[in-house]
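Each chain is listed here by its residues.
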Amino acid sequence: MSENSIALIFAFPLFGAVFCALFGRKSPNLCHPISVASLAGALGAGIETLRRVIASEANEVSYFFGGWNADAYPRGVGIEFRADYLGTLIMLVVVGVAFLVAWYSKLPVAEETPEKEGYFYSLFLLQVTGLAGISLTGDAFNLYVLIEVAALTGYGLIAMGSARAAAATFKYVILGTIGASFYLLGVGYLYMKTGTLNMVGIEQFITDNESLADSAAMQVAFVFVCLGVLMKMAFFPFHAWLPSAYFHAPTTTSCLLAPLVTKVMIYVMIRMLLTVFGVEFSFKNTHDDEGNIWTEVLPWLVVLAILCAATMALAQRDVKKMLTYLIVAEVGYMVGGVWVYNYYGLIGSIFHIISDACMTLCLFLGVGIILRKRKTTHFDGLRGLFRKMPFTMTGFFIGGFSIIGLPPTCGFFSKWYLITGGMLAERWEYIVALMFSTMVMVVLFFRLIERIHLAVTESGENIGHGHGDLALPKSETFFDEAPLSMLIPLLLSAGVVLVIGVFNQDVVNLLQDFLEPFNLPKGTGR
Amino acid sequence: MKKVALAVTLFIGALLLYAAKDFSVWGHLQSPASASPVSKHFIADTGVDTEVPNMVTAVLADYRGFDTMFETVVIFIAGIAIIAILRRTGADADSPAIQRESDVVAEPDLIVTNTVRLLIPVIQLFAFYVLAHGHVSPGGGFQGGVIMGASFILVALAWDLPKALDRLSVDRAIMLAGVGILIYAGIGLFSMLLGGEFLDYAELSHVLPVSREMARYHAMLGVEIGVAFTVTTVMFAIYANLSTRGRLEGGL
């Protein structure tokens, strides 16, 4: 079975989803165990895949669906899945996060979407199937199909939320569809100019035919692919759908989508830039060695994105809403790390995908518990929570520290590489934006910590005077931890944040092995 | 805002025009899409690999069968998502329907019902033909499934929704849609268990008394049947839910 591990990664959730849909109506209690079990299977297959990738000579493993392998047939006849370090790590993040969220989801799903558990878990597992597929596929059109799978399930999962979720979803449907259409149009142009959909094939064709660098259709394809993916990842001017969609979504949905969807789309951008269009085409000017217009313009857009999103986060009075704006700011970080066009920036960007997924998961799991206990996520509802749920809040704080970037959490190390990349590329505007946003996050989280510990009202009045019963009724402050099925995934995710932080060098080593062949600039100068 | 939208539209239009000057000549043999080894392989060797005369079906259901499996899953998702959003639960489900003017059910028209009675067997037979003949002529699971689903919708249009739901309830429709995916992915998984890759239909020759090429031929029919299951039932389920806002009652 080992040689089929790549197929098993999505076969498990795919079949799990169908079983949930089949049995969900009659016996809704089966759905949760099916989901957890199928994701555990997928996680096992994912780890086996990573082991095989490390053991392989070229540090990548190909899998040809339908047996149309590249030895006997021209490459691109069938659909290829290619697991290299980049894709495998992202896939592991996707499946790992999904596994924790599935474990966590038992109570929230039963309470928020009663009688619909079967449908919910079916969509949930198909979402994971789509995202895991995106991170491994080696075929540009298959990528589109899987983006559609992930997007459609996302619409369904979000719209099952509160009364206003439907309106929020509609915005997402429109923007998401436009983004996907742009991507598809770009892939169509790519196919017209290169005659294949296989990523390796496209890259080979572009390297072999130098005239393509000046081709108008290729440039438009590049613009459309980038534009589509930027819309899908809620990059600043296109972010309008994200905050309200994730805010009104059911708890489990926002826990799954917030850490994964935007991050996987950034992965798609990196994948398309590095291994489809190639570094030469994506970052370099055709006439001299200077960076092209995109490397000039996009970092400035990134600065705008980070500044605006951080400011808007500062204006929020609701934890969940605040976190959704933080996601938009983090997207800016990662896009910036790619477009400063520097080896360390790219390491930072990829590493930040991984660590941001973990810490966002940690925070959203915590917010889910707060919402369940207090029925609100408004700042006023936070008072005295530490006394009530010390373990939950500790996990939540670890996520927050990682967003700020305190060592030894993983957020510190990824931000370190991002800043290093920005400095070496001499993109000072990017550094300033990063620093500004870090300051904002310090303010945001210490404001939260103050409220959670000290019972400060919205107007800043310290009614607990820092000690005693916090001026809250006893019923609000006695020890009342979250149920274990929700607490353990939260603490595990907080643990992962710390473990990835401590063992950051191992992750970075894998990424370096992946990035070394691309000859990205390592030193100063653009 | 309108001006911004106009500017964006014009900009995208200008980009498309800019790209158009660089298009390959229509149908030219040397254009990359025609000259690539992949296209040549499809044209020359489809019959050799799969025994299927219809190249399009072979590319869709076998060479790129993995894509098609997920296209089927997309349809399945659409069905599930619509039901999950529209289905009423708890107290909401028991509240009486708001009587709209259009809810006043008229008697089914004699001429219409009798015509439909005559039409439906023909439509369904044609659906089976399109499905089964997909290897040789244009057609296949998606087309056959749509025609089949239309026949159920026709029942709902000519009589009323409950009559159609008597024949195929929404829960059963979703179950059958899942069965469709199970057939498709199951064939893929089974060929993997027989020693090939996922969806490597040729491995089915170990259990079928045919050659490896013919195994691909027959498996393609199998997956098309799975697709048809999903498309038929999801079409009807979406119609039933959308036309009644999830209440599943009354006429149109």
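Counting of residues starts from 1 at the beginning of each chain's written sequence and follows it residue by residue. Whichever chain is written first is A, and whichever ligand is written first is 1; the rest continue in order. Only residues with pLDDT of at least 70 are given local features in this predicted model, and only at 80 or more are side-chain atom pairs given and counted; all residues enter the totals for whole chains, interfaces and linings. Derived side-chain values reflect all non-hydrogen atoms in the structure, with water molecules and hydrogen atoms excluded from consideration.

Novice: Sorry if this is basic, but what is going on with the packing of aromatic side chains here?
Specialist: Note on aromatic pairs: each is described by the distance of the centres and the angle between the planes. Two aromatic rings from Phe, Tyr or Trp, using only the six-membered ring of Trp, form a pair when their centres are within 6.5 Å; if the ring planes differ by under 30 degrees the pair is stacked, by over 60 it is edge-to-face, and anything between is tilted. Scanning the entire structure with this criterion turns up 40 aromatic pairs over all chains. Taken together, a centroid distance of 4.9 Å and an interplanar angle of 90° make the contact between Y155 of chain A and Y172 of chain A edge-to-face. Highlighted residues: Y155 of chain A in helix α6 (residues 140-159) and Y172 of chain A in helix α7 (residues 165-194), separated in sequence by 17 residues. Using a 1.4 Å probe on the protein chains alone, a residue whose accessible area is under 20% of its type maximum counts as buried, one over 50% counts as exposed, and one in between counts as partly exposed. Since its relative accessible area comes to 10%, Y155 of chain A is described here as buried. A residue is classified by how much of its surface remains accessible, and Y172 of chain A, at 4% relative accessible area, is buried. On the basis of an interplanar angle of 55° and a centroid distance of 6.4 Å, the ring pair of F396 of chain A and F397 of chain A is categorised as tilted. We note that F396 of chain A, like F397 of chain A, is buried. Over the ring of Y343 of chain A we find K522 of chain A, and its NZ or CZ is 4.5 Å from the ring centre. Criterion for a charge above a ring: Lys NZ or Arg CZ within 6 Å of the ring centre, and within 35 degrees of the ring normal. Across from the ring centre of W159 of chain B, 4.9 Å away, lies the NZ or CZ of K163 of chain B, which sits over that ring. The secondary structure listing takes helices from DSSP runs of H or I that are at least 4 residues long and strands from runs of E that are at least 2 residues long, numbered from the N terminus.

Novice: Which parts of the structure should I look at to understand unusual backbone geometry?
Specialist: For residues other than glycine, phi is negative in most cases, and the peptide bonds are mostly trans. Of the consecutive residues P407 of chain A and P408 of chain A, the connecting peptide bond is found in the cis state with omega at 5°. Examined against the element boundaries, P408 of chain A turns out to sit in the loop between α16 (390-404) and α17 (410-424). The backbone of E51 of chain B sits at a positive phi, close to 65°, despite the residue not being glycine. Structurally, E51 of chain B is set in the loop between α3 (37-50) and α4 (55-63).

Novice: Even after reading the chapter, I still don't get the packing of α7 of chain A against helix α9 (residues 216-232) of chain A, so can you show me in this structure?
Specialist: A pair of packed helices can be characterised by two numbers: the angle between their axes and the separation between those axes. All names here are of chain A. Close contact between α7 and α9 brings their axes to 7 Å; oriented N to C, the two are set at 155°. Here α9 runs roughly antiparallel to α7, going by the angle between their axes. Taken as a pair, α7 and α9 cross one another with a handedness that is left-handed. Polarity classes work like this: nonpolar for Ala, Val, Leu, Ile, Met, Phe, Trp, Tyr, Cys and Pro, charged for Asp, Glu, Lys and Arg, and polar for all others, with Gly in that last group. In terms of residue class, the contact of α7 with α9 is built from 19 nonpolar, four polar and two charged. Each axis is a line fitted through C-alpha atoms, taken for helices only over the stretch in contact, and angles between the N-to-C directions span 0 to 180 degrees. In this scheme, roughly parallel covers angles under 35 degrees and roughly antiparallel covers those over 145, while 65 to 115 is roughly perpendicular and the rest are oblique. Handedness of a helix crossing follows the sense of rotation of the near helix relative to the far helix, less than a right angle counterclockwise being left-handed and clockwise being right-handed.

Novice: Explain the pattern of salt bridges here, please?
Specialist: Side chains carrying opposite charge are able to pair once their charged atoms draw close together. We define a salt bridge as a contact between a side-chain nitrogen of Lys or Arg and a carboxyl oxygen of Asp or Glu at a distance within 4 Å. Counted under the stated rule, the structure contains 16 salt bridges over all chains. The residue R82 of chain A makes a salt bridge to E60 of chain A at a minimum N-O spacing of 3.2 Å. Of the two residues, R82 of chain A sits in strand β2 (residues 79-84) while E60 of chain A sits in strand β1 (residues 60-65), which places them 22 residues apart along the sequence. Judged by its relative accessible area of 30%, E60 of chain A is partly exposed. Where D22 of chain B meets K193 of chain A, a salt bridge forms, and the shortest distance between an N and an O atom there is 3.6 Å. Placement of D22 of chain B in the loop between α1 (2-20) and α2 (32-35) and of K193 of chain A in helix α7 is noted, with the two residues assigned to different chains. By relative accessible area, K193 of chain A is classed as buried at 10%. The structure contains a network of salt bridges with shared partners spanning R25 of chain A together with R87 and D171 of chain B.

Novice: Even after reading the chapter, I still don't get the pairing of β2 of chain A, so can you show me in this structure?
Specialist: Residues and elements named next belong to chain A. Of all six residues in β2, six are buried, a share of seventy percent or more. What you see with β2 is no split at all: I79, F81 and A83 on one side and E80, R82 and D84 on the other are buried throughout. Relative to β2, β1 runs antiparallel, the two being bridged by six bridges. Residue F65 lies in a different strand from β2, and its bridge partner there is I79. Between any two strands, at least two bridges found by DSSP are needed for them to pair.

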